Amino acid sequence: RDYLRTVVMLSLSKLKGLLSLNTAQAGKLYTSQIITRQFAEKTFDKILIANRGEIACRVMGTCRDMGIKTVAIYSDADSQSLHTLMGDEKVNVGPALASDSYLNMDAIFRAIDQTGAQAVHPGYGFLSENQQFAEELANRGVEFIGPKQHAIDVMGDKLASKRTALKANVNIIPGFDGIVKDADEAVSLAKEIGYPVMLKASAGGGGKGMRVAWNDEETRQGFLLAQEEAKSAVKDDRLLIEKFIDKPRHIEIQVLADQHGNTVYLNERECSIQRRNQKVIEEAPSTFLDPETRRAMGKQAVMLAKAVDYCSAGTVEFLVDSQKKFYFLEMNTRLQVEHPITECTTGVDIVKEMIRVAAGLPLAYSQADIGINGWAVEARVYAEDPEKFLPSTGYLSTYIEPVDKTKGFENVRIDTGIFEGSTISMYYDPMISKLITHGPTRQDALNSLAEALDHYTIRGVNHNIPLLRDIITQPKFVQGDITTKFIEEIYPNGFKGRSLTEIERKQLLAAACYMHVERENIAYSLVTSDCDDYEHVNINADRELVVKLEDAIERIKVHSTATGLKLCIRNDILTIDTDWNLGGPLMVANIDGNKVAVQFEKRNGQLLHLRHSGNKYSVLVLDSLQADLYTHIPKKSDVCICIVYIIY
């Protein structure tokens, strides 16, 4: 119990530091230039957070900075979760299943009555876009920290939202609402819609009866071919025509609006890196937008917000084609998961503004105050198999975040709802954290992200760091050449792990050799410490190691130095200097002048299980004698011998 209390208090202290938005800390954590204003203002005394996990902790951090008491609600499965421990008060709202707890409106209303909370922040997911929940809160005289019911209702309906967007002069994906009669009509409609267009079977599916046309001739030919293919595949040759979005990007605009008619946009977020429509990596700003397109998108987002009398934080999502033409997709009437990257580049605490707006106060910012300060990238760290994308549940035996500013992580922010000793439950989203880095340029932010991912130590569950680490070093991603199809195009057969470069391979070999030598030296020292007559061996003498990594075997000459080792790998000389302690989960070494992080997971005999650049590797390290003996050890047979007993 004392250990858990200590861990929790350390985690709370760390999290409060991460989430604190006072000027001194925010200058490093959120942006290089913070907009500060002083207001003698009254908001709420107590807010109930109708959510769990990282977003509940995130909201509580801002509430604490504003001097607002918080109420945490929790399910039976979350009784010892970080958000539960962070709340000034906590109320159990039911069993583990979300439908019986975090979606149980009656239980939440009872918690409000019990604690006297004046307002509710819904976070994202669960009841955050539930019009009935917002309406019932209003009936009870409790403020919903979000938009009014009308905006939730209209923007929550696909058809109604598009009709509203059209009336507000917001771009929507153009198309013809009907069946195309013939090739001539197809050409006429294509000219009206604007090229490129897509002809597709009305009753089609699986890509059958679909053609993309870029000019009149391609439209005529495409119509005939698509019609013939559709008739053959589904016995129905009716065709539709709509705008084809070439190389689509998912780019969204963050808006803030108050109850006094003020609305601003906080620029864009690039969210094109997706898997099965789930965002994986986001960044702000986008590499693709120019100032003119950004302003046009921002103005349309503001027009749409005003069309539904929007007040609070909201996000207008657009699909953007290769020619920078953009089209409305939907509006999320809540706080977005990826909101931290906007906070990093604008200096605006979005949660704070949501609370202020709900209390009836005007926005603290005008559009002229909103700039773009540097670049921010967010990676969603999930407890899941990075190859099969299956959730991974279990106990976090080791959890070390890369947030130590004394080690160069001053531009790293981690929003999380867990700590070492937490359990990733089967009942909820398996998100471990959101890892955000900020820098003067995109490359600075990406370099910080790569380093942070390499240092992020998670044991007990599988995680997607190998995939995240690989994505951000893909040449197309580095160049900003991305679309919503990026992952399926780069990994057509799924992610199979990272292939080591020659430099990375030598770095891993050097780290493994150091770990082996360190262990051998300590073992020898322990054995000989009380044995005066033990045969003296010079532990610093040169030695040769035989190392097997993947399917390759290397003979490496090793020479001990005052701070590390000098190694000869295939006639290349490398030096490794490190203060790594035997058994430590993370080795940070200087290898030939480069800072390299290698994670030590476990050891089986002479076999080391390591992580480099996020990926797992098994490295067998032997001295010369062990290597000679190893050749005589019988290998396990690949043949499975089954003995079947038949009982009569």
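It should be noted that the structure appears before, not after, this text.
Residues numbered from 1 in each chain as written. Predicted model: local features only at pLDDT ≥ 70, side-chain atom pairs only at ≥ 80, totals over all residues. Heavy atoms only, no water.

### Observations concerning the overall build of the protein
Secondary structure summary: the protein contains 19 helices and 28 strands in total. For the protein, the residues scored as buried account for 53% of the 648 residues in total. Carbon and sulfur atoms make up 50% of the accessible area of the protein, which totals about 29,700 Å². (Helix = DSSP H or I, 4+ residues; strand = E, 2+ residues; numbered from the N terminus. Buried < 20%, exposed > 50% of the residue type's maximum accessible area, 1.4 Å probe, protein only. Areas by Shrake-Rupley, 256 points an atom, 1.4 Å probe, with all protein chains shown as cover.)

### Here's the deal with the sheet that holds strand 10 (residues 263–275)
With antiparallel pairing, eight strands are arranged side by side in an open sheet as 13-12-9-10-11-14-19-17. Either end of the sheet is taken by a strand with one partner, and the two such strands are strand 13 (326–332) and strand 17 (412–416). Strand after strand, the sheet turns through a mean of 25° between neighbouring axes, direction not considered. Where strand 10 meets strand 11 (residues 278–284), four bridges bridge the pair, whose relative direction is antiparallel. Note that in strand 11 the partner of Arg275 across the bridge is Gln278. (Pairing = 2+ DSSP bridges. Axes fitted to C-alpha atoms, helices over the stretch in contact; angles between N-to-C directions.)

### A short note on the packing of helix 3 (residues 53–65) against helix 13 (residues 350–358)
A pair of packed helices is characterised by two quantities: the angle between their axes and the separation of those axes. Close contact between helix 3 and helix 13 brings their axes to 9 Å; oriented N to C, the two are set at 65°. Our classification of the angle between helix 3 and helix 13 gives roughly perpendicular. In the crossing of helix 3 with helix 13, the sense of the turn from one axis to the other is right-handed. Residues Arg58, Val59, Thr62 and Cys63 of helix 3 form the contact with helix 13, whose own contacting residues are Val351, Lys352 and Ile355. When the residues that make up the contact of helix 3 with helix 13 are grouped by side-chain class, the tally is four nonpolar, one polar and two charged. (Parallel < 35°, antiparallel > 145°, perpendicular 65-115°, else oblique. Left-handed = near helix turned anticlockwise from the far one by under 90°. Contact = heavy atoms within 4.5 Å. Nonpolar A, V, L, I, M, F, W, Y, C, P; charged D, E, K, R; others polar.)

### Observations regarding helix 12 (residues 339–346)
When you tally the buried positions in helix 12, you get eight out of eight residues, the bulk of the element. Those residues of helix 12 not exposed but buried are His339, Pro340, Ile341, Thr342, Glu343, Cys344, Thr345 and Thr346. One or two residues past the end of helix 12 sits Gly347, with phi positive at roughly 80°.

### Some details on unusual backbone geometry
The residue after Tyr195, namely Pro196, is reached through a cis peptide bond having omega 0°. Examined against the element boundaries, Pro196 turns out to sit in the loop between helix 9 (183–193) and strand 6 (197–201). For Asn267, which is not glycine, the phi dihedral falls at a positive 70°. Here Asn267 shows up in strand 10. By relative accessible area, which is 9% here, Asn267 ends up buried. Despite not being glycine, Arg570 has its phi angle at roughly 50°, a positive value. When you line up the elements, Arg570 lands in the loop between strand 23 (564–569) and strand 24 (572–578). By relative accessible area, Arg570 is classed as partly exposed at 43%.

### Some words on the nonpolar core
In terms of nonpolar packing, the biggest core is built from 39 residues, with Ile281, Ile432 and Ile471 touching the most fellow members. When residues of this core are traced back to their parent elements, those giving at least two are strand 11, strand 14 (375–382), strand 17, strand 19 (431–439), helix 14 (442–455), helix 15 (465–471) and helix 17 (486–490). Per element, the largest residue contribution to this core is six residues, and it comes from helix 14. Those residues within four positions of Ile281 in sequence are excluded, and the remaining contacts are Glu270, Cys271, Ile273, Val377, Glu378, Ala379, Leu468, Ile471, Ile472 and Phe477. Counting 37 residues, the second-largest nonpolar core is a separate cluster that includes Phe44, Ile355, Val357 and Tyr365. (Core = buried A, V, L, I, M, F, W, Y, C linked by side-chain atoms within 4.5 Å.)

### As for the sheet that holds strand 5 (residues 143–144)
The strand order 3-2-1-4-5 describes an open sheet built from five strands, whose pairing is parallel. Each edge of the sheet is formed by a strand with only one pairing partner; in this case those strands are strand 3 (89–94) and strand 5. In the sheet, strand 1 (residues 46–49) pairs with strand 4 (residues 119–121) via three bridges, with the strands oriented parallel. The residue of strand 4 that forms the bridge with Leu48 is Val120.

### Comments concerning the pattern of salt bridges
In total, this model carries 41 salt bridges according to the counting rule given. A salt bridge links Asp415 to Arg413; the shortest N-O distance between them is 2.9 Å. Overall, Arg413 belongs to the buried group, its relative accessible area being 0%. A salt bridge links Lys595 to Glu451; the shortest N-O distance between them is 2.7 Å. Taken together, the positions of Lys595 in strand 26 (residues 594–604) and Glu451 in helix 14 put the pair 144 residues apart, joining distant regions of the chain. Connected through salt bridges with shared partners, the residues Glu252, Arg269, Lys279, Glu282, Glu317, Glu338 and Arg380 form a single ionic network. (Salt bridge = Lys/Arg side-chain N within 4 Å of Asp/Glu carboxyl O.)

### Some remarks on the pairing of strand 22 (residues 552–560)
As defined by bridge partners, strand 21 (residues 543–549) adjoins strand 22 across seven bridges and the pair is classed as antiparallel. Note that in strand 22 the partner of Val547 across the bridge is Glu554. Hairpin connection, strand 21 to strand 22: the antiparallel pair is bridged by two residues, and Glu550 has positive phi, about 55°. Relative to strand 23, strand 22 is paired through five bridges, and the arrangement is antiparallel. In the sheet register, Ser560 faces strand 23, and the bridge partner there is Leu565. The turn joining strand 22 and strand 23, which pair antiparallel and follow one another in sequence, is formed by three residues.

### Describing the side chain of Glu268
You can see Glu268 is positioned in strand 10. Within the structure, Glu268 has its side chain in polar contact with the backbone nitrogen of Ser286 (distance 2.8 Å). A polar atom in the side chain of Glu268 sits 2.7 Å from the side chain of Arg294. When residues no more than four places from it in sequence are discounted, the contact partners of Glu268 are Ile251, Glu252, Ile253, Ala284, Pro285, Ser286, Leu289 and Arg294. (Polar contact = N/O pair within 3.5 Å; in protein donor to acceptor, adjacent residues only side chain to side chain.)

### Re the packing of aromatic side chains
Under the criterion given, the structure shown has 10 aromatic pairs. Centroid distance Tyr399 to Tyr456: 5.7 Å. Interplanar angle 55°. Geometry classified as tilted. Taken together, the positions of Tyr399 in strand 16 (residues 398–400) and Tyr456 in the loop between helix 14 and strand 20 (457–459) put the pair 57 residues apart, joining distant regions of the chain. For Tyr399, a relative accessible area of 6% gives the class buried. By relative accessible area, Tyr456 is classed as buried at 1%. (Phe/Tyr/Trp six-rings, centres within 6.5 Å; stacked < 30°, edge-to-face > 60°.)

### Concerning a nonpolar patch on the surface
There is a patch of nonpolar side chains on the surface, built from Leu97, Met426 and Tyr427 and spanning about 340 Å² of accessible area. Note that Met426 resides in the loop between strand 18 (423–424) and strand 19. (Patch = residues over 30% accessible without salt bridge, like charges linked within 9 Å, V, L, I, M, F, W, Y side chains within 5 Å.)

Scope: geometric values only; no functional claims are made or implied.
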